[in-house]
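Structural overview
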Amino acid sequence: MAEIEGGVRSIAVPSGLAAVTHPLLALCVTGDHVLIADCAYGPTRSFAKETLRKLGVEVEFFPSDAASIKERLRPGTRAVVLESPGYYTMEMQEIGAIAAEAHAVGALVLIDNSWGFGASSMFAHGVDICCTALSKYASGAGDLCMGSITVADEALFRTLKTFLANLGTGVSSDEAYLVMRGLSSMQVRVREHADRALELARWLSVHPAVSRVLSPPLDTDRYHERYTRFFRNGNGLLSVLLHETGIEPLRAMIDGLEHFRIGASWGSPHSLVSITEPAASREIDQWERGRYLVRLHVGLEPFELLKEDLERGFERLTLKR
Ligand SMILES: *Cc1c(COP(=O)(O)O)cnc(C)c1O
């Protein structure tokens, strides 16, 4: 794991969420200040707003596409949490610049690298803690939960390892074995997912039902330039803003899909679809209320079937209107 992330030491934990929450619990004490990208994974946001705040840690969000967070950093800032691209909304932060600013006030930089696992070297950009949901492409079957915490510093590893040992947090050997088995084929699987997602993104970006495709690997995406500096390749996950964004027409579209099944835990060969209302889960970023976003995980089913499935779904949108 450490080798894939480009770090020195890795710790396996029971879920991707635990990989993010445990280091924050290990590092922060009452009175500390934590900065979190507004596009962070929903449960990470809830953890920060509920658990960290209850412990007396001050939690503040910053814009998801930040190039700098200088004016929000303070001497008491203990950690900066990045997630790039953002959960559902796919914004990208200027990781290297933010890490340099954070280090200048003594803060550690943690990134949820679930999207970029195997396709990035976050330590080269100054990140201190790389957290990954192995439940996704590493397992590759969508049937287990695991996460990894990777660091490039031996002292930080000791701090985290001791904290986790004190809590009694660990993973079973059977599940670790399944992840190791998944890792052996991950590279070729992800490449195939990424090729298909890019082809689908190109098709969607000129489709009359589509307002905007949110997918940094697409060369017309707003964050494509940042993407090329931080990632070697993409994967099967992308988001789509349709012209029709109301919940009822989207429901008709999605409920009738045959190959894209409703689900959130992407990374298996199965195509998935889910929706979110970004306005309901962002503190700073501006999203219109009632405007839903569709997220797709492009699986390994025959590609033409996936396109036809979506095409028929788009027809159901217009029927509803
Ligand atoms: C899936 C996911 C997680 C959580 O992983 P679990 O193993 O399901 O807890 C965290 N962050 C991101 C970005 C994810 O996609």
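Residues numbered from 1 in each chain as written. Predicted model: local features only at pLDDT ≥ 70, side-chain atom pairs only at ≥ 80, totals over all residues. Heavy atoms only, no water.

Heads up, the condition is: UniProt positions are given in the numbering used here, feature names are shortened, and annotations may be inferred rather than shown by experiment.
In the annotation of an unreviewed UniProt entry, the entry for the chain reads Cys/Met metabolism pyridoxal-phosphate-dependent protein, and the organism field reads Nitratireductor pacificus pht-3B. If you open the UniProt record of the chain and go to Cofactor (unreviewed entry), you find "pyridoxal 5'-phosphate". Its UniProt record gives the chain the following Sequence similarities (unreviewed entry) comment, quoted word for word: "Belongs to the trans-sulfuration enzymes family."

**A short note on the packing of aromatic side chains**
How we decide: Centre distance within 6.5 Å is the pairing criterion for rings of Phe, Tyr and Trp, where only the six-membered ring of Trp is used; planes under 30 degrees apart are then read as stacked, over 60 as edge-to-face, and the remainder as tilted. Here, a charge over a ring is recorded when the distance from Lys NZ or Arg CZ to the ring centre is within 6 Å and its angle to the ring normal is within 35 degrees.
Inspection of the entire model under this criterion finds seven aromatic pairs. Through a chain of ring-to-ring contacts, the aromatic side chains of Y41, Y87 and Y88 assemble into a single cluster. Lying across the ring of F61, R45 places its NZ or CZ 4.7 Å from the centre. Over the ring of Y88 we find R295, and its NZ or CZ is 4.4 Å from the ring centre.

**Some words on the site of the ligand**
What counts here: In this text, near means that some heavy atom of the residue lies within 4 Å of the molecule or strand in question. Any pair of nitrogen or oxygen atoms within 3.5 Å is treated as a polar contact; in protein, a donor-acceptor pairing is required on top of that, and neighbouring residues in sequence qualify only through side-chain atoms on both sides. Using a 1.4 Å probe, the Shrake-Rupley method yields the accessible areas, and only the shown protein chains count as cover for residues. Classification used: nonpolar for Ala, Val, Leu, Ile, Met, Phe, Trp, Tyr, Cys and Pro, charged for Asp, Glu, Lys and Arg, polar for all others including Gly.
Taken together, 13 residues are adjacent to the ligand, and G16, L17, D112, S135 and K136 come closest. The contact in question runs from an oxygen atom of the ligand to an N or O atom on the backbone of G16, over 2.7 Å. Take D112: an N or O atom from its side chain is 2.6 Å from a nitrogen atom of the ligand. In isolation the ligand has 380 Å² of accessible area, and contact with the protein removes 91% of it. In the shell around the ligand, the residues fall into six nonpolar, four polar and three charged.

**Section: the nonpolar core**
This is how it is decided: Residues belong to one nonpolar core when they are buried, are Ala, Val, Leu, Ile, Met, Phe, Trp, Tyr or Cys, and are joined through side-chain atoms within 4.5 Å. The rule is simple: take the accessible area with a 1.4 Å probe, protein chains only, and divide by the maximum for that residue type; under 20% is buried, over 50% is exposed, in between is partly exposed. Secondary structure elements follow DSSP: runs of H or I no shorter than four residues count as helices, runs of E no shorter than two count as strands, and numbering proceeds from the N terminus. Each domain's limits were defined by an automated method or a database of domain assignments.
Grouped together as the largest cluster of nonpolar side chains are 46 residues, with contacts concentrated most on F62, I69, V80 and L82. Where this core is concerned, the elements lending two or more residues are strand 2 (33–37), strand 4 (77–83), helix 4 (95–104), strand 5 (108–112), helix 6 (173–205), helix 7 (224–230) and strand 9 (237–242). Inspection of this core shows a minimum of three residues originating in each of domain 1 (2–176) and domain 2 (185–318). With 29 residues, the next largest nonpolar core counts V13, V59, F61 and A79 among its residues.

**Comments concerning the sheet that holds strand 7 (residues 147–151)**
Note the cut-off: Two strands qualify as a pair provided DSSP detects at least 2 bridges between them. Axes here mean lines fitted to C-alpha atoms, for a helix over just the part in contact, with angles spanning 0 to 180 degrees between N-to-C directions. Throughout, a contact is declared for two residues whenever any of their heavy atoms are within 4.5 Å.
Spatial strand order, 1-7-6-5-4-2-3: seven strands in an open sheet with mixed pairing. In this open sheet, the two strands that pair with only one neighbour each are strand 1 (9–13) and strand 3 (58–62). Here the strands of the sheet are splayed against their neighbours by 20 degrees on average, with no regard to which way each runs. Two elements, strand 2 and strand 4, share four bridges in a ladder whose sense is parallel. Residue pairing across strands places I36 opposite V81, the latter belonging to strand 4. Against the sheet, helix 2 (residues 16–27) touches strand 1, strand 4, strand 5, strand 6 (129–133) and strand 7, its axis set at about 150 degrees to strand 6. In the packing of helix 3 (residues 42–54) onto the sheet, contacts are made with strand 2 and strand 3, and the angle to strand 3 comes to roughly 155 degrees.

**Thoughts on a negative patch on the surface**
The criterion, for reference: Any residue with relative accessible area above 30% and no salt bridge may belong to a patch, with like charges joined within 9 Å and the nonpolar Val, Leu, Ile, Met, Phe, Trp and Tyr side chains within 5 Å. For this analysis, a salt bridge means a side-chain nitrogen from Lys or Arg found within 4 Å of a carboxyl oxygen belonging to Asp or Glu. We score Asp and Glu as negative and Lys and Arg as positive, and we do not count His or the chain ends. The location of each charge is read from NZ of Lys, CZ of Arg, CG of Asp or CD of Glu.
A cluster of acidic side chains, namely D195, E199, E304 and E308, defines a negative patch on the protein surface. Elements with a minimum of two residues in the negative patch: helix 6 and helix 9 (303–320). Looking at where E308 falls in the secondary structure, it is placed in helix 9.

**Considering the environment of V127**
Mapped onto the elements, V127 comes out in the loop between strand 5 and strand 6. With 19 residues separating them in the primary sequence, V127 and L108 have C-alpha atoms 7.8 Å apart.

**Thoughts on helix 8 (residues 247–255)**
Because each turn of an α-helix spans 3.6 residues, side chains separated by three or four positions end up pointing in the same direction. Our working rule: As used here, the arc is the angular range of directions from the helix axis to the C-beta atoms.
Of all the residues in helix 8, the buried ones are P249, L250, M253 and I254. All buried residues of helix 8 project into a common sector of 130 degrees when viewed along the axis, lining one side.

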